[in-house]
Amino acid sequence: MKNTNTEDFNYARSLIEASLDPLVTISAEGKITDVNEASIKVTGCSREELINTNFSDYFTDPKKAQEGYLQVFEKGFVSDYRLTIKHKNGHLTDVVYNASVYRDDKGNVLGVFAAARDVTLQKWAIDLREANAELAIQNKEIEKRASELVVANKELAYQNKVKEKRAAELVIANKELAFQNTEKEKRAAELVIANKELAYQNKVKEKRAAELVIANKELAFQNTEKEKRAAELVIANKELAYQNKVKEKRAAELIIANKELAFQNTEKEKRAAEFAIANEELAYQNIKNTRQNLTNEKLKASNIDIKLDSQYSLSLIEASLDPLVTISSKGKITDMNEALTNVTGLTREELTDSDFLDYFTEPKKARDVYLEVFAKGSVADFPLTLRHKNGKLTDVLFNGSIYKDEKGNVDGIVIVARDVTEQKRAAKELTEAMLFAEMATLIAEEAKTKAEKDRLIAEDAVKAKQQFLSNMSHEIRTPMNAIIGFTKVLLKTDLTVKQKEYLRAIKVSGDALIVLINDILDLAKVDAGKMVFEQIPFKISLSISAMLHLFEPKIHEKNLKLTKVYDHRIPDVLLGDPVRLHQIIMNLVSNAVKFTIRGEIKVSTKLLHEDEHEATVEFSVSDSGIGIPDSKIETIFENFQQASSGTSRLYGGTGLGLAIVKQLVEPQGGSIRVTSKINEGTTFSFTLPFQKTKADALVEIELAEYDEDVSNVNVLVVEDIQLNQLLMRTLLDDFGFECDIAENGKIAIDKMQTKTYDLILMDLQMPEMNGFEATDYIRKTMNSDIPIIALTADVTTVDLAKCKAVGMDDYIAKPVDERILYSKMIGYIKKNSVNMESDASDGDNPIKDKCTDLQYLNTRTKSNPVLMMEMISLYLEQTPPLISAMNQSLLEKDWKTLQTAVHKMIPSFTIVGIHTDYVNIAKKVQELACTMQEIEDLPNLVKQLEKVCNQACLELLVDLENFKNTKHE
Ligand code: ADP
């Protein structure tokens, strides 16, 4: 038994050892208890090294090995358990384990027996199979690609052909481009001339300004001079007043002195008389001899009195400041006062007995006066001049009177010469000062007038420039609107690809021109200070998105990336001018797109500041374009400035955009700046403050789709310019609306009397009666609430306010966007038709007949359309000047011209089939004009002619258009 057992054991052992799969027994503790040769090979460890070590140590993933081992204990076995054995030298062997527990005789689990199969090769085989399958799939793919390539090649060949065609077309386009470039260069040259003119005008203005500055300085100087003189005059006046007072005082003193003198004279005479009496008495007494002594004593006392009296007079005379002198009848000085010695510079002794005439500058005159005193008894205030011995002159007023001796004989004269030198000097100075002041005032006034004149001239020049710019752009815009409008209309007709392309080129050029014209107009407005900003509630985010939307095709075309960053903290609705904001950002983005070849354009908004009332937003437009040189950054915001002289040639533009942007930002309280790096890009950023509001944003109009239900719409277009009339007619035709045209407000009102309309499109500027007046009449006098939409080329705040004020419902800016026009019209028509239904109005519209009839022309030209068109064109050409000549001559009572104008009209009436009634009216006008008098009927008849001619023109214009279209087909 034992033997057999041993044999069995050996046999089993050799089998185990012979197995190529690694076999191993593991104890319940996970230690290796036995291994075969294959296990030794696969681990690179000897049997001794392996026994009693942890079984899991020999795997790349010991944890998984451990788990597998535990599973065997749990389930009793495990099969196909994947593990990887790690050789001592690092070599790995993928194996699949099959393991089961083994037990002792009593069935107790002793450990685990695990057999591993090397599956490396097997794995390879699987990988190989999978790779084969993948290869097969790829082969199939390649075959598919090959067949696709065949198709693509065909497509390529086709595209090459198309490209060749395009290339040929491009050659034509290039020629067109070259032509446009020469045109542009021509324009640039014109601009250079305009710039030079501008520069010259600026210089003239500067010169004027400099002259003004000088004139102002002169004025200021003269004013100070005047003030100085005035101050001096005040002083002089004061001095004069003072001297007058002194003189008055002297005069008063003199009067007193004179009175005293007179008194003394009478006294003296009295005394003399008394003396005579006394003498007589004395004689008598002598004869009587009795009372002689007594009388003698009396006489003595009386003489003493006289002496005392004359001393008193003398001191008074001496005290006088005016020279006093007594002259004998022989003309010699007998006595004088101190003042005379002072004024002549001579002593009393020298003067006494000298000839008094010697001291006057005009002795002859003095002598005459002197004689006059003798003749008349006195002379007052005779002007003379005394000469001092040193030559100094004293102007005096000569007052003289005779004095007599006791017997009444004239003894001589007494003269008082009043010194008036000071008075005269002051008077002279006063006159001089006054004269000077007057002269200074005159000069100042003259300078002021000249300055004012210069200022007016300068202002006139600026005004004229602005007016010219504004008129020009208006004049250009009207035909441009028609060109763009008709181009749009034409684009909708059936055209060949080429025709379409050319038309698009026309439209693109037209659009560019309109932008330029608007720029110039804006600039003129800014210059004139007429740029007004609105304050309406709007949504910034919507505004920006809508604007960027416009650029998408262009950005796409140039393969650029557009990034929009919006700061959502910005209040949703703000108060501001969305149109101007739109214009600013549009200018900046348009530049960014223009000057960027690759990369991205980023438009961002950021809330900079916010308080209770206001939010300040920063907008920036960055690009990765060509950049602006440092040297140009400073001037880039000036009019007509471009970064390089080649800019215009390469990229177009005029250098006006940024100037306008700046003028739109700064007056709104904002600021703009730019940073740029050559060949890296440019960032323009600007800030704008906005008022906060609780109001809702004005709703942007939604564009309506064409509505089949809206039919039988009658529109009255009030518009004076024929091209625009035709354009509106074409657009309305497209909408399926009927339309009548009135070329001014008055005609519109006439038409409304005879026909009912659903809506009026009203131009604003028209002769005779403009849009505002017409609307006012329709609302107030006719009491009609027909929807009226204004058509305006120049959307200014003032105009819009006026539109509202007179009762217009809405406005549309020219060039008219037909979708907006349709949407707005439909809106009002639908609204009104609801009202109408409830009104249940009669709707009976008498339609006025046509006034022209082409039957005659048809017969005469044998229905030759070319001839007919020529005749109609001729009529259209010659009639308007005839109408205005007729009206003008009536106004000026120029009967001869009136006759001629009407005479020329008559034959054309027959040609275009105007009723003979009008021929008769014309003949009547001719007759009345012949009488060379103003006749009551005349204006009315002329008006009728004008009306029929205007209507004929309108009708024929339409006919002509129809002819042209017919000819096309
Ligand atoms: P325009 O573009 O009509 O010439 P602008 O006033 O808009 O006039 O711009 C003036 C000039 O500033 C441009 O001609 C160009 O040289 C430069 N410029 C403006 N924007 C950019 C920009 N984003 N990148 C590079 N250059 C610019």
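Residues numbered from 1 in each chain as written. Predicted model: local features only at pLDDT ≥ 70, side-chain atom pairs only at ≥ 80, totals over all residues. Heavy atoms only, no water.

## Points about the pattern of salt bridges
Okay, step 1: As enumerated under the stated definition, the model contains 27 salt bridges in all.
Okay, step 2: E610 is the partner of K692 in a salt bridge, and the nearest nitrogen-oxygen pair spans 2.7 Å. With K692 in strand 17 (residues 681–692) and E610 in strand 14 (residues 600–610), this residue pair connects regions lying 82 residues apart in the sequence.
Okay, step 3: Between K943 and E768 there is a salt bridge whose closest N-O contact spans 3.7 Å. Remark: E768 occurs in the loop between strand 20 (759–763) and helix 19 (771–780) and K943 occurs in helix 26 (residues 937–968); sequence separation between them is 175 residues.
Okay, step 4: In this structure, a network of salt bridges that share partners links the residues E452, R455 and E459. (Salt bridge = Lys/Arg side-chain N within 4 Å of Asp/Glu carboxyl O. Helix = DSSP H or I, 4+ residues; strand = E, 2+ residues; numbered from the N terminus.)

## As for the packing of aromatic side chains
Okay, step 1: Taken as a whole, this structure holds 17 aromatic pairs when the rule is applied.
Okay, step 2: Ring centres 5.4 Å apart and planes at 45 degrees place the aromatic pair F356 and Y370 in the tilted group. Note that F356 is positioned in the loop between helix 8 (348–351) and helix 9 (363–376) and Y370 in helix 9, a separation of 14 residues in sequence. Assigned by exposure class, F356 and Y370 land together as buried.
Okay, step 3: Relative to F398, the ring of F356 has its centre 6.4 Å away and its plane inclined at 50 degrees; by these criteria the two rings are tilted. Of this pair, F356 sits in the loop between helix 8 and helix 9 while F398 sits in strand 9 (residues 393–404), and the two are 42 residues apart along the sequence. For the pair shown, F356 and F398 are each scored as buried.
Okay, step 4: Of the aromatic side chains, those joined through ring pairs into one cluster are F55, F59, Y69, F73 and Y97.
Okay, step 5: Directly above the ring of Y81 sits K64, whose terminal nitrogen or CZ lies 5.6 Å from the centroid.
Okay, step 6: Looking at K824, its charged tip hangs above the ring of Y811, at a distance of 5.3 Å from the centre. (Phe/Tyr/Trp six-rings, centres within 6.5 Å; stacked < 30°, edge-to-face > 60°. Buried < 20%, exposed > 50% of the residue type's maximum accessible area, 1.4 Å probe, protein only. Lys NZ or Arg CZ within 6 Å of the ring centre and 35° of its normal.)

## Looking at unusual backbone geometry
Okay, step 1: The residue N679 is not glycine, and still its phi comes out positive at about 65 degrees.
Okay, step 2: Position of N679 among the secondary structure elements: in the loop between strand 16 (671–677) and strand 17.
Okay, step 3: You will see that K893, though not glycine, has its phi angle at about 55 degrees, which is positive.
Okay, step 4: Here K893 shows up in the loop between helix 23 (865–891) and helix 24 (895–911).

## Focus: the sheet that holds strand 21 (residues 788–792)
Okay, step 1: Pairing is parallel across the open sheet formed by 5 strands, whose spatial order is 19-18-20-21-22. Single-partner strands in this sheet number two, and they are strand 19 (738–742) and strand 22 (810–813). Going across the sheet, the axis of each strand differs from the next one's by a mean of 25 degrees, ignoring polarity.
Okay, step 2: Across the face of the sheet, helix 19 comes into contact with strand 20 and strand 21 while running at roughly 150 degrees to strand 20. (Pairing = 2+ DSSP bridges. Axes fitted to C-alpha atoms, helices over the stretch in contact; angles between N-to-C directions. Contact = heavy atoms within 4.5 Å.)

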